[in-house]
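Tertiary structure, described
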Amino acid sequence: MALTALLLMLIAAPVLGWKAGALTDDSLRRTVRAQHEQRRLTPAVVVRAASGTSRFAQDPEAAVTEDSMRRSVVADWVAPDGTARRAPCRRRPRRRLPAPRSTSGRTTGETW
């Protein structure tokens, strides 16, 4: 009886754990594949800034992340099925280019 319990702990438990992990991994990979097939990057045209305040504006202690730096806008785009859409979206912040510098290292006054 003790030998059976020992064998179950040393062999069966790790095998069952590995099998459960493999099944979970397979399920998650199928989900990711399905999401990649359904979601596509689509060019959109910003119509105007979205009204209302950001959810982060109310909490000054919220962590500053790239997502929190995104601005809400209303945009028009064409969905993959061909229908025209307009809805509020989150847009990435613009990347600022460094100001042009002269050979002396000072900024030239030009803007980009």
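In case you missed it, the structure is sitting above this.
Residues numbered from 1 in each chain as written. Predicted model: local features only at pLDDT ≥ 70, side-chain atom pairs only at ≥ 80, totals over all residues. Heavy atoms only, no water.

Helix and strand content of the protein: one helix and three strands. Along its sequence from the N terminus, the protein presents helices and strands in the succession α-β-β-β. Looking at the protein as a whole, 5% of its 112 residues are labelled buried. A sequence separation of at least 24 residues applies to 35% of the contacts in the protein between residues at least 6 apart. In the form shown here, the protein has an accessible surface area of approximately 10200 Å², with 58% of it arising from carbon and sulfur atoms. (Helix = DSSP H or I, 4+ residues; strand = E, 2+ residues; numbered from the N terminus. Buried < 20%, exposed > 50% of the residue type's maximum accessible area, 1.4 Å probe, protein only. Contact = heavy atoms within 4.5 Å. Areas by Shrake-Rupley, 256 points an atom, 1.4 Å probe, with all protein chains shown as cover.)

Let's shift gears to the environment of D81. Tracing the backbone through its elements, the reader meets D81 in the loop between β2 (71-78) and β3 (84-91). You can call D81 exposed: its relative accessible area is 57%. A polar atom in the side chain of D81 sits 2.9 Å from the side chain of T83. (Polar contact = N/O pair within 3.5 Å; in protein donor to acceptor, adjacent residues only side chain to side chain.)

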